[in-house]
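# Overview (structure and organization)
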Amino acid sequence: RHFLSPKYAILKSALQCLKPGGRLVYSTCSVAVVENDFVVEKVLEKFGDPEGKIAVRVAEDRGFPDPKDRETLEQLGCERTNHGYCMLPDRSKFGPIYWCVLERVKGGRAVGAEDGNKAAGATSATIN
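To start, this report covers the structure provided alongside it.

Scoring rules and cut-offs
- Residues numbered from 1 in each chain as written.
- Predicted model: local features only at pLDDT ≥ 70, side-chain atom pairs only at ≥ 80, totals over all residues.
- Heavy atoms only, no water.
- Helix = DSSP H or I, 4+ residues; strand = E, 2+ residues; numbered from the N terminus.
- Contact = heavy atoms within 4.5 Å.
- Areas by Shrake-Rupley, 256 points an atom, 1.4 Å probe, with all protein chains shown as cover.
- Salt bridge = Lys/Arg side-chain N within 4 Å of Asp/Glu carboxyl O.
- Buried < 20%, exposed > 50% of the residue type's maximum accessible area, 1.4 Å probe, protein only.
- Pairing = 2+ DSSP bridges.
- Phe/Tyr/Trp six-rings, centres within 6.5 Å; stacked < 30°, edge-to-face > 60°.

### Re the overall build of the chain
Check the secondary structure of the chain and you find 4 helices and 5 strands. When the elements of the chain are put in sequence order from the N terminus, they spell out α-β-α-β-α-β-β-α-β. For the chain, the proportion of contacts with a sequence separation of at least 24, taken over those separated by at least 6, is 60%. Taken as a whole, the chain presents about 7400 Å² of accessible surface, with 54% of it coming from carbon and sulfur.

Structural data, given as structure tokens:
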């Protein structure tokens, strides 16, 4: 739980910067589930409601819709987790690294849209 608070807070803040349809890669260099899928699970519990002010989901096929890409990841030693992938040094000679592709599916209007600053990609909605 010690790791959850700062990582969760950072992820919530980052999700506010996404426009609907925008994607974010949450990544750690940890093997601890509490820092990886657990953080994603908490975000999905809070913001997984498609009727919510801001709705978030794990990207379809974990961000790799092409079966050849998923096959390549497995050949490189990546393991699927509940919400993403994990690369461990005992299987891949790289890592540890965890990643999950999250997608914002709805939310408020982009901050700065009224002044043409669409590159910011942020929203006026607040995640609590």
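Continuing now.
### Side note on the environment of Gly-22
In this structure, Gly-22 sits in the loop between α1 (4–16) and β1 (23–28). Spatially, the C-alpha atom of Gly-22 lies 9.9 Å from that of Val-56, the residues being 34 residues apart in sequence. In contact with Gly-22, not counting residues within four places along its chain, are Leu-102, Glu-103 and Arg-104.

### Let's talk about the pattern of salt bridges
As enumerated under the stated definition, the model contains 5 salt bridges in all. Taking the shortest distance from any N to any O, the salt bridge between Glu-103 and Arg-23 comes out at 3.9 Å. Remark: Arg-23 occurs in strand β1 and Glu-103 occurs in strand β5 (residues 97–106); sequence separation between them is 80 residues. Note that Glu-45 and Lys-42 form a salt bridge whose closest N and O atoms lie 3.3 Å from each other. With a gap of 3 residues between them, Glu-45 and Lys-42 both fall in helix α2 (residues 37–47), about one helical turn apart. The exposure class of Lys-42 is partly exposed, given its relative accessible area of 24%. Here the residues in one salt-bridge network are Arg-23, Arg-57 and Glu-103, joined through shared partners.

### Some thoughts on the pairing of β5
In terms of burial, β5 is a largely internal element, 7 of the 10 residues being buried. The pairing of β1 with β5 spans 6 bridges and is classified as antiparallel. Looking across to β5, one finds that Ser-27 is bridged to Trp-99. As judged from the 4 bridges shared by strand β2 (residues 55–58) and β5, these two strands associate in the antiparallel manner. Its bridge partner being in β5, Val-56 is matched across the sheet by Arg-104.

### Points about the side chain of Asn-36
Within the secondary structure, Asn-36 sits in the loop between β1 and α2. Those residues in contact with Asn-36 that lie beyond four places of it in its chain are Tyr-26, Thr-28, Ser-30, Val-31 and Tyr-98.

### Describing the packing of aromatic side chains
One pass over the full model with this rule turns up 3 aromatic pairs. The interplanar angle of 70° and the centroid separation of 6.3 Å between the aromatic rings of Tyr-26 and Tyr-98 together place this pair among those described as edge-to-face. Placement of Tyr-26 in strand β1 and of Tyr-98 in strand β5 is noted, with a sequence separation of 72 residues between them. Residue Tyr-26 shares its accessibility class with Tyr-98, and that shared class is buried. One aromatic cluster is present, formed by Phe-64, Tyr-85 and Trp-99 through successive ring pairs.

Structural measurements only, silent on function.
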